[in-house]
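Examination of the molecular architecture
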Amino acid sequence: MKFAAFSAIALPALVSAHGIRDVHHARQAPVAAAASAGTSSAAAPASGTASAATGVATAPVASGAGSLTFTLASTNPTAIPLTEIASGMSSAPTVPASTTFASGTTPTFLPNAPPLPNALSLNPANYPALDKTPPTDSPEVQQWKQEVANSGVQIPDIAPTVAGGCPANLEAANDQSRCWWTCGGCSAPDDIEQCPDKMTWGLTYDDGPAPHTGDLLAYLDQVNLKATFFIVGSRAISYPALLQEEYMAQHQIAVHTWSHPEMTTLTNDQIIAELGWSKKIIKDVLGVTPTYWRPPYGDVDNRVRAIAKAMGLQTSIWTRIGPTATFDTGDFDIAGGLTTSTQVLNNWEAIIGNATTIDHGFIVLEHDLFQQSVDIAVDYILPDALAHQPPFKIEPIVSCLNKPLRDAYIETNDNSSNPIGANATGSASSAEASGNSSGASANGKNSAMGIAAPNSMGAIALAIVSGVVALFL
Ligand SMILES: [Zn+2]
């Protein structure tokens, strides 16, 4: 059904391709609260404002997905009504980038952190074009290629996948030696998909920094939470002050590629260019280089894993406890009109329902690119999570792995206790399927997964920049 939409409405179809879509319907069934929620819900809201969210949730929703019901433990007292968090909503950020840190300011929260560079002196002309996979013939990429070759990491000799997602790559999806996470559900031993400790949430936001990131940062500061931000290089060059604000607030900064492509479709050199330029822009803005990255769409196989490892990047995805139970809120799709905020909260309730039953912690996919996803996070998801009983421990990925924040950056990492890159233990090239299903039924599910054409994310981001962001500058 999604593929038909490609020709009809380009932008929503591309937005839909951001994540795994068909899991949402399957996730609704196991929601424990769904059975009890409703007008006679036994789960009493913890605050008066929560009843408003419950009321909205129990109203009929024309999603075709059946009854959507949930009960939130709490919401933000200043929450935007759920019905207003929708495609087409438009308002200025309430919290713009508040602080411009002086060049030379030294972070005191990281031992041996370099002083902050002057982010305002960045010249975009010194970087690749935004939202396109960078050229591979530049001196920078040639140097990074050499470093990968010298790393000692064996890069598996497997072909890139072709555009069209899982249905166009059935052989690759079934190839366990490739170990393709997005298509086939294979995890490698080094993949970070969860936090080890039960009831611990590795809090993450992808695709920024963006105009409403300041709203998110303000709320996180207010409730004293730290998160991991997976940064798109093309956004970092547009919003360096926001990136510095994230870093100086002691959030974890990590890589999310330069232009947000499906990484398994790229050549080795293109993968190196995507990761290399992302590392470089973050170092040029912050003075430090991340040691963690997240593949856009979760699109990673053993070739991509190995190149990332050779470049000192730890692959981090999000929690999946079965082919149809992925910890993806679906928040990215509100802006494109492909889902509703009510559906996202239903997804969220399914996630925390699952989170309380598994014997380990979890990582959830959320975004700070759009106002809608920021609003639903600060107004509904985070207040609900903070009021949850028993309580969740909410922290960045590096922290949930019981490592210090300094391990998140090459310049401050203690390589003896946290070896990264070529010296790391384990092998990204050794395929090992996790317990996740990867058989025919999983592929059947996967046939509905949308994987966008290369640079579709860039097209969306460019549309944002030209159509909305410019109004706020
Ligand atoms: Zn992303």
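Residues numbered from 1 in each chain as written. Predicted model: local features only at pLDDT ≥ 70, side-chain atom pairs only at ≥ 80, totals over all residues.

Some details on the overall build of the chain
The helix and strand inventory of the chain stands at 17 helices and 10 strands. A buried classification covers 53% of the 473 residues belonging to the chain. Long-range contacts, defined here as pairs at least 24 residues apart, represent 80% of the contacts in the chain between residues at least 6 apart. (Helix = DSSP H or I, 4+ residues; strand = E, 2+ residues; numbered from the N terminus. Buried ≥ 20, exposed ≤ 12 C-beta atoms within 10 Å, placed from the backbone. Contact = placed C-beta atoms within 7 Å.)

Quick word on the sheet that holds strand 9 (residues 362-363)
The strand order across the open sheet built from 3 strands is 9-1-10, with neighbouring strands paired in parallel fashion. Each edge of the open sheet is held by one strand with a lone partner, namely strand 9 and strand 10 (393-395). (Pairing = 2+ DSSP bridges.)

Some points on the packing of helix 11 (residues 268-286) against helix 12 (residues 302-310)
For the pair helix 11 and helix 12, interaxial distance at closest approach is 10 Å and the crossing angle is 45 degrees. When the axes of helix 11 and helix 12 are compared, the pair comes out oblique. Of the two possible hands of crossing, helix 11 and helix 12 adopt the one that is right-handed. Touching N268, I271, I272 and L275 of helix 11 are V304, I307 and A308, all from helix 12. (Axes fitted to C-alpha atoms, helices over the stretch in contact; angles between N-to-C directions. Parallel < 35°, antiparallel > 145°, perpendicular 65-115°, else oblique. Left-handed = near helix turned anticlockwise from the far one by under 90°.)

Thoughts on helix 10 (residues 240-248)
Counting buried residues along helix 10, 7 of its 9 residues qualify, which places the element largely inside the surrounding structure. Those residues of helix 10 lying buried are P240, L242, L243, Q244, E245, E246 and Y247. The secondary structure elements touched by the buried residues of helix 10 are helix 8 (213-222), strand 3 (228-231), helix 9 (233-236), strand 4 (252-255) and helix 11. Trailing helix 10 by a residue or two, Q250 shows a phi angle of about 70 degrees, which is positive.

Considering the nonpolar core
Formed by 101 residues in total, the largest nonpolar core has its most connected members in I231, A236 and I307. In terms of residues, this core owes the most to one element, helix 11, which gives 9 residues. The contacts of I307, once residues within four sequence positions are left out, are V148, I155, N268, I271 and I272. (Core = buried A, V, L, I, M, F, W, Y, C linked by C-beta atoms within 7 Å.)

A short note on the packing of helix 13 (residues 341-355) against helix 14 (residues 371-387)
Following both chains from N to C, one finds helix 13 and helix 14 inclined at 55 degrees, their axes separated by 11 Å at the closest point. Relative to helix 14, the element helix 13 lies oblique. As helix 13 packs across helix 14, the resulting crossing turns out to be right-handed. Residues S341, V344, L345 and W348 of helix 13 form the contact with helix 14, whose participating residues are Q372, I376, Y380 and I381. Tallied by class, residues from the contact of helix 13 with helix 14 come to 6 nonpolar, 2 polar and no charged. (Nonpolar A, V, L, I, M, F, W, Y, C, P; charged D, E, K, R; others polar.)

With respect to the pairing of strand 4
Neither face of strand 4 is left uncovered, since the one carrying Q252 and A254 and the one carrying I253 and V255 both have all their residues buried. As paired strands, strand 3 and strand 4 are joined by 4 bridges and run parallel to one another. Residue pairing across strands places F229 opposite I253, the latter belonging to strand 4.

Re the environment of N118
Assignment of secondary structure puts N118 in the loop between helix 5 (48-58) and helix 6 (139-150). Along the chain, N118 and P240 lie 122 residues apart, while their C-alpha atoms are 9.6 Å from each other.

What to know about unusual backbone geometry
Cis geometry marks the peptide bond from G208 to P209, where omega comes out at 0 degrees. One can find P209 in the loop between strand 2 (204-206) and helix 8. The omega torsion of the bond from Q389 to P390 falls at -5 degrees, within 30 degrees of zero and hence cis. Along the chain, P390 turns up in the loop between helix 14 and strand 10. A positive phi angle, close to 75 degrees, is found at T257, a residue other than glycine.

Regarding the pairing of strand 3
In strand 3, alternate side chains face the same way, and those of T228 and F230 on one face and F229 and I231 on the other are all buried. Pairing geometry for strand 2 and strand 3, over 3 bridges, is parallel. Along strand 3, the bridge assignment pairs T204 with T228. The parallel pair strand 2 and strand 3, bridged by helix 8, forms a crossover whose chirality is right-handed. (Right-handed = clockwise from strand over helix to strand, strands pointing away.)

Details of helix 14
The terminal C-alpha atoms of helix 14, which comprises 17 residues, lie 23 Å apart, in line with the 24 Å expected from a rise of 1.5 Å per residue. At A377, helix 14 is deflected by roughly 45 degrees, the largest bend along its length. Most of helix 14 is tucked away, with 15 of its 17 residues classed as buried. (Expected span 1.5 Å × (residues − 1). Bend = angle between axes of the 7 residues up to and from the residue.)

Focus: the environment of N347
Positionally, N347 belongs in helix 13. Classification of N347 by C-beta neighbours within 10 Å gives buried; the count is 25. On a C-alpha basis, the gap between N347 and F327 in space is 8.4 Å, while along the polypeptide they are 20 residues apart.

Some points on the confidence of the model for the chain
Scored by pLDDT, the chain has a mean of 79; 73% of the residues are at 70 or more. Per-residue pLDDT stays below 50 along residues 1-66; that stretch engages in 133 contacts with residues further than four places along the chain or on separate chains. Between residues 422-473, whose pLDDT stays under 50, and residues either more than four places distant or in other chains, the model counts 123 contacts. (pLDDT = per-residue confidence, 0-100.)

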